[in-house]
Every structure is written in structure tokens, then in C-alpha cells.
Amino acid sequence: MEHGALWTIKRQKGHIGGMNTDELSQKIKAGDRRALARAITLVESGREDHRAQARALLESLKDAGKQAMRVGLSGTPGVGKSTFIESFGLMLVGQGLKVAVLAVDPSSARSGGSILGDKTRMERLSREKDAFIRPSPSQSQLGGVARRTREAIALCEAAGFDIVLIETVGVGQSETMVSEMADLFVLLLAPAGGDELQGVKRGIMEMADIILVNKADGDLKAAAMRTCSDYSGALRLLRKRPQDPEGYPRAMSVSALEEDGLKDAWEAMQELVNWRRENGFFDATRAAQARFWFGEDVKQGLLSSLATGRMRKIMDGLASEVEAGDKTPSAAAAEALGALRG
Ligand code: GDP
């Protein structure tokens with residue numbers, strides 16, 4: 001229903017789905033999920049007037065709500081992400097916590113349909129009043145996804161969610177992006193068949209704060225335990241990071257299906273985040289992330305200003321001259337940058 005529902009945005013300036021930004025802001029602060037969904041649709045829009053409204057809205061919500069725990073969750077398709085999120089989310093809701101799930105799926109544009117947008121996923125969780133699930137928008141570039149996801153996180157925080165789970169499929173680039181906006185990064189793995197480590201890229205391993213080996217049940221239990229101890233060993237070999245207390249990053253086994261080990265996983269997440277809060281790493285990381293995204297947004301803006309309007313013509317013209325050998329690439333680049341400044 002919320003998916004790609006740009007049509008809910010009224011075309012009048014300043015009005016979103018019949019509401020102005022002040023009303024929307026008030027409703028989000030009151031925890032209204034429909035208002036939250038509308039606001040996310042607004043931040044997903046690339047239209048200039050929507051961008052201006054989105055910025056005004058985010059500004060008005062800047063100090064609202066509370067600091068949610070932002071948890072990045074990654075794993076290849078089939079590892080059990082939706083099963084885990086459903087069981088884990090229901091457990092948290094059962095403890096009186098409010099849980100938001102945001103899916104990031106940069107591949108959806110290519111595959112034409114988003115696996116993460118599948119409405120049947122997490123059906124039980126989606127029926128809970130204290131849960132909010134948002135499939136990934138079907139769009140293209142990673143830069144755009146990053147901004148939208150960050151803004152959606154901010155909106156969920158303003159709406160008073162305690163935990164924001166940011167789910168991504170294991171395709172590399174999106175993990176890096178999600179880890180740059182999360183307080184904690186969880187990697188979900190399946191039990192390995194043999195006794196060798198799975199082809200998990202080192203970079204992704206290094207990002208993980210907690211590795212959860214899922215499907216530790218039935219016939220797969222022994223393999224899951226073995227995989228878990230392999231990863232524990234591999235994690236001990238990684239360079240110690242200052243933001244980790246003793247024993248982290250760590251690997252644990254869970255069964256999302258049988259809801260086993262979920263409490264321990266949650267305790268580990270809390271222990272880690274609490275330690276980082278007490279030792280100054282939590283705020284420092286958020287500050288560094290904000291600084292990083294500021295830089296990224298400026299770069300993104302510069303890139304798009306090269307590809308639009310007056311600059312696009314100038315760029316095309318210079319590119320042709322470079323192709324024809326009439327100008328060197330660096331002379332043409334200097335000219336383009338001069339035109340951008342002017
Ligand atoms: P996703 O693609 O990562 O979201 O994976 P799904 O949650 O859709 O799960 C893929 C398959 O693995 C489904 O058939 C699930 O029933 C199964 N699965 C998920 N979690 C577990 C688990 O803890 N144990 C077992 N045995 N199967 C599981």
C-alpha cells in the first residue's frame with residue numbers, strides 16, 4: 001500500500017496528502033504510522049518541491065522523539081532475514097518496544113521486482129501496532145537510496161521507535177552504506193556445508209559487530225554450531241577495533257524458525273550498544289557518520305549539477321572536443337570546473 005505511493009502526495013505546494021508539513025510533523029511526533037508512511041514517501045521523492053518540503057519536515061523533527069537503536073542487518077537471500085526479523089521483531093514488541101523495519105535493496109531496480117518489497121514477508125509482525133515495516137522503494141542509484149534511508153531512519157526516530165532495523169541483501173556496496181548509518185551491524189549467515197568458511201567477503205566480516213549463524217535447529221544444528229565456532233575463530237583474528245569491548249565482535253547461533261537464541265542475540269546487542277554509549281563511541285560514531293553524509297550529499301549534489309541544465313550542455317560540448325582530440329582531458333576538466341564556479 002505504501003510502496004511507491006507517490007500519488008498520495010498532493011501536487012499543491014506545501015501539502016502532503018492533504019496535510020501541510022506542520023500537521024504531518026505533529027502527527028509523526030504523536031507516533032501516527034500513516035503520517036510516518038506519508039513522510040517516507042515524501043523523502044523518497046526526487047522532485048524539487050518535495051525535497052524542499054522534506055527538508056522543512058526533517059528540520060522540524062530534528063530534536064523530536066528519542067535516539068533509536070539503529071541496527072543494520074545483512075545476509076544473502078534465503079539465509080532467513082525475514083524469518084529472523086519477524087521472530088525477533090515480535091519478541092521485541094512483546095517486551096513493549098516499538099520496532100521499525102526499513103529495507104534497502106539496491107538490486108530491485110535491476111531485477112524489476114523487489115524481493116524485499118514482497119508483501120507476504122513478516123506478515124505477523126506487520127499486523128502489530130508497535131511495528132512499522134517499509135519495503136525498499138524501487139529506484140536506482142545507491143546515492144539516492146542512502147539519503148532516503150537516512151531520512152527514513154530520522155523519521156522513525158521522531159515517531160518514537162525504539163529500534164530501527166535496516167535490512168539489506170548481501171551485495172557488498174549496500175552493506176557499507178548501511179553500516180555508515182547504523183549503530184550496530186549484524187550479519188546473518190547460514191550453516192556451512194563443509195568445514196570451510198563460506199565465501200563471506202572479508203570487508204563484510206570486518207563490518208560485522210555480531211554474526212548470527214541462523215538455522216541452528218533440526219538437522220542443521222550441528223553444522224550451525226560448527227560454523228559458529230569457525231567464525232568465532234575468524235573474528236578473533238581480526239584487528240581489535242577501539243569501539244569494541246572484550247568479546248566483540250562475536251558470533252552466535254540462532255534459530256529464527258524455532259525462536260531460539262533470540263534473547264541472547266538481543267542481550268548481546270544491548271550490551272555492545274550500552275558499552276559504546278558509556279565509553280563515548282556511540283555519540284562519536286554518530287557524529288562521524290553525520291559528517292560523512294554531509295560530505296557525500298555535497299558530492300552527490302555536485303555530480304548532479306554537472307549532469308543537468310546549463311552544465312550538461314557544457315559537459316557534452318567539452319566531452320566531444322576531448323574525443324576529437326581538440327582538447328586534453330585535463331584542460332577540458334579545468335574549463336568545466338571553471339564554468340561550474342562561474
Ligand atoms: P531471506 O531471503 O533472507 O529473507 O530468507 P527467509 O526468511 O525468506 O527464509 C528462507 C528460507 O529459510 C525459508 O524457507 C525459511 O523457512 C527458512 N528458514 C529461515 N529461518 C530458519 C531457521 O531458523 N531454521 C530453519 N530450519 N529454516 C529457516
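Here the structure is shown first, and the text comes after it.
Calculation rules
- Residues numbered from 1 in each chain as written.
- Predicted model: local features only at pLDDT ≥ 70, side-chain atom pairs only at ≥ 80, totals over all residues.
- Heavy atoms only, no water.
- Pairing = 2+ DSSP bridges.
- Helix = DSSP H or I, 4+ residues; strand = E, 2+ residues; numbered from the N terminus.
- Axes fitted to C-alpha atoms, helices over the stretch in contact; angles between N-to-C directions.
- Phe/Tyr/Trp six-rings, centres within 6.5 Å; stacked < 30°, edge-to-face > 60°.
- Buried < 20%, exposed > 50% of the residue type's maximum accessible area, 1.4 Å probe, protein only.
- Lys NZ or Arg CZ within 6 Å of the ring centre and 35° of its normal.
- Near = heavy atom within 4 Å.
- Polar contact = N/O pair within 3.5 Å; in protein donor to acceptor, adjacent residues only side chain to side chain.
- Areas by Shrake-Rupley, 256 points an atom, 1.4 Å probe, with all protein chains shown as cover.
- Core = buried A, V, L, I, M, F, W, Y, C linked by side-chain atoms within 4.5 Å.
- Domains from an automatic or database assignment.
- Contact = heavy atoms within 4.5 Å.
- Parallel < 35°, antiparallel > 145°, perpendicular 65-115°, else oblique.
- Nonpolar A, V, L, I, M, F, W, Y, C, P; charged D, E, K, R; others polar.

A. Molecular detail of the sheet that holds strand E5 (residues 131-134). Spatial ordering of the open sheet is given by E5-E4-E6-E3-E7-E8-E9, a layout of seven strands whose pairing is parallel. This sheet does not close on itself; its edge strands, each paired only once, are E5 and strand E9 (250-253). Strand after strand, the sheet turns through a mean of 20 degrees between neighbouring axes, direction not considered. Note that strand E8 (residues 210-213) and E9 share four bridges and pair parallel. Bridge assignment links Leu212 to a residue of E9, and that residue is Met252.

B. Local environment of the packing of aromatic side chains. Applying the stated criterion across every chain, the model contains five aromatic pairs. Ring plane angle 50 degrees and centroid distance 6.2 Å describe the contact between Phe132 and Phe161, whose orientation is recorded as tilted. With Phe132 in strand E5 and Phe161 in the loop between helix H7 (142-158) and strand E6 (163-169), this pair connects stretches of sequence that are 29 residues apart. Consider the rings of Trp275 and Phe281, whose centres lie 5.7 Å apart with planes at 10 degrees: the pair is stacked. The class for Phe281 is partly exposed, based on a relative accessible area of 25%. Of the aromatic side chains, those joined through ring pairs into one cluster are Phe84, Phe88 and Trp266. One cation-aromatic arrangement involves Lys98 over Phe161; the distance from NZ or CZ to the ring centre is 4.7 Å. Note that Arg277 overlies the ring of Phe282, its terminal NZ or CZ placed 4.0 Å from the centroid.

C. Examining the site of the ligand more closely. Neighbouring residues of the ligand: 15 residues in total, closest Gly78, Lys81, Ser82, Thr83 and Asp217. Contact between the ligand and Gly80: an oxygen atom at 3.0 Å from a main-chain N or O atom of the residue. Asp217 places a side-chain nitrogen or oxygen 2.6 Å from a nitrogen atom of the ligand. For the ligand, the protein covers 70% of the area, taking 580 Å² as the surface of the free molecule.

D. Expanded view of the nonpolar core. One finds Ile28 and Leu155 to be the most contacted residues of the largest nonpolar core, which totals 38 residues. When residues of this core are traced back to their parent elements, those giving at least two are helix H1 (21-29), helix H2 (33-44), helix H3 (48-60), strand E4 (99-104), H7, E6 and helix H8 (173-179). The two domains that each donate at least three residues to this core are domain 1 (1-64) and domain 2 (65-279). Aside from chain neighbours lying at most four places away, what touches Ile28 is Ala35, Leu36, Ala39, Leu57, Leu61, Leu155, Ala158 and Ala159.

E. Geometry of unusual backbone geometry. The residue after Tyr248, namely Pro249, is reached through a cis peptide bond having omega -5 degrees. Considering the arrangement of structural elements, one finds Pro249 in the loop between helix H10 (221-237) and E9. Its identity is not glycine, yet Lys215 carries a phi of approximately 70 degrees, on the positive side. Residue position: Lys215 is located in the loop between E8 and H10. According to the relative accessible area criterion, Lys215 is partly exposed, its value standing at 28%.

F. Looking closely at the packing of helix H4 (residues 81-94) against helix H11 (residues 262-278). At a minimum axis separation of 10 Å, H4 and H11 run at an interaxial angle of 75 degrees. Our classification of the angle between H4 and H11 gives roughly perpendicular. For the pair H4 and H11, the contacting residues are Phe84, Ser87, Phe88, Met91 and Leu92 in the first and Leu262, Lys263, Trp266 and Met269 in the second. A per-class count over the contact of H4 with H11 returns seven nonpolar, one polar and one charged.

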